[in-house]
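The lines below spell out each chain.
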Amino acid sequence: MTGLTPAAAELVQRAAGVIVAKHRGDLGGAEELLAAFSSEQAKTLGFYLLADLSLGLLRAQSGQSLDDLVRELSLLVAATATPPDD
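Residues numbered from 1 in each chain as written. Predicted model: local features only at pLDDT ≥ 70, side-chain atom pairs only at ≥ 80, totals over all residues. Heavy atoms only, no water.

The name given to the protein in an unreviewed UniProt entry is Superoxide dismutase, and the organism recorded there is Micromonospora craniellae.

Along the protein, the regular secondary structure elements total four helices and zero strands. Along the chain direction, N to C, the helices and strands of the protein fall in the order α-α-α-α. For 86 residues, the compact-globule estimate of 2.2 N^0.38 gives 12 Å, and the protein exceeds it by more than 25% at 15 Å. With respect to the principal axes defined by its C-alpha atoms, the protein has extents near 45 × 35 × 25 Å. (Helix = DSSP H or I, 4+ residues; strand = E, 2+ residues; numbered from the N terminus. Rg over C-alpha atoms; globule rule 2.2 N^0.38 Å.)

With that out of the way, let us pick up the packing of aromatic side chains. Using the criterion set out here, one finds one aromatic pair in the structure. Measuring from ring centre to ring centre gives 6.0 Å for phenylalanine 37 and phenylalanine 47, while their planes differ by 40 degrees; the resulting arrangement is tilted. Of this pair, phenylalanine 37 sits in the loop between α2 (27-35) and α3 (40-62) while phenylalanine 47 is found in helix α3, placing the two residues 10 residues apart along the sequence. Owing to a relative accessible area of 27%, phenylalanine 47 belongs among the partly exposed residues under this scheme. Just above the ring of phenylalanine 37 sits the side chain of arginine 14; from NZ or CZ to the centre is 5.4 Å. (Phe/Tyr/Trp six-rings, centres within 6.5 Å; stacked < 30°, edge-to-face > 60°. Buried < 20%, exposed > 50% of the residue type's maximum accessible area, 1.4 Å probe, protein only. Lys NZ or Arg CZ within 6 Å of the ring centre and 35° of its normal.)

The next thing to look at is the nonpolar core. Judged by nonpolar contacts, Ala8, Leu11, Val12, Ala15, Val18, Ala21, Ala30, Phe37, Ala42, Leu49 and Leu50 together constitute the single largest core of 11 residues. Elements with a contribution of two residues or more to this core: α1 (6-23) and α3. Here the element with the most residues in this core is α1; it accounts for six residues. Excluding residues that lie within four positions of it along the chain, leucine 11 makes contacts with Phe37, Ala42, Leu45 and Gly46. (Core = buried A, V, L, I, M, F, W, Y, C linked by side-chain atoms within 4.5 Å. Contact = heavy atoms within 4.5 Å.)

Quick look at the environment of proline 84 now. Mapped onto the secondary structure, proline 84 falls in the segment after α4 (66-80). Residues proline 84 and alanine 9, 75 residues apart in the sequence, show an inter-C-alpha distance of 36 Å.

Rendered as structure tokens:
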């Protein structure tokens, strides 16, 4: 992906900020950043673009194909998913 518009770049930065805030234990900050998205569509776009950029960076660093990375990610998600309570 190339050439993010300034508005799209802001959405990506906000989405990244949500994740960083959550990981450092600042749940209030994460909630505040989530609430700053103007709509569900903006939130979805921000997190989509962040995922796309992140996978591209990982692909460039690892040398793996995007298909292989997504396959690994899917397996990791499946292995760590908690089954629902009965």
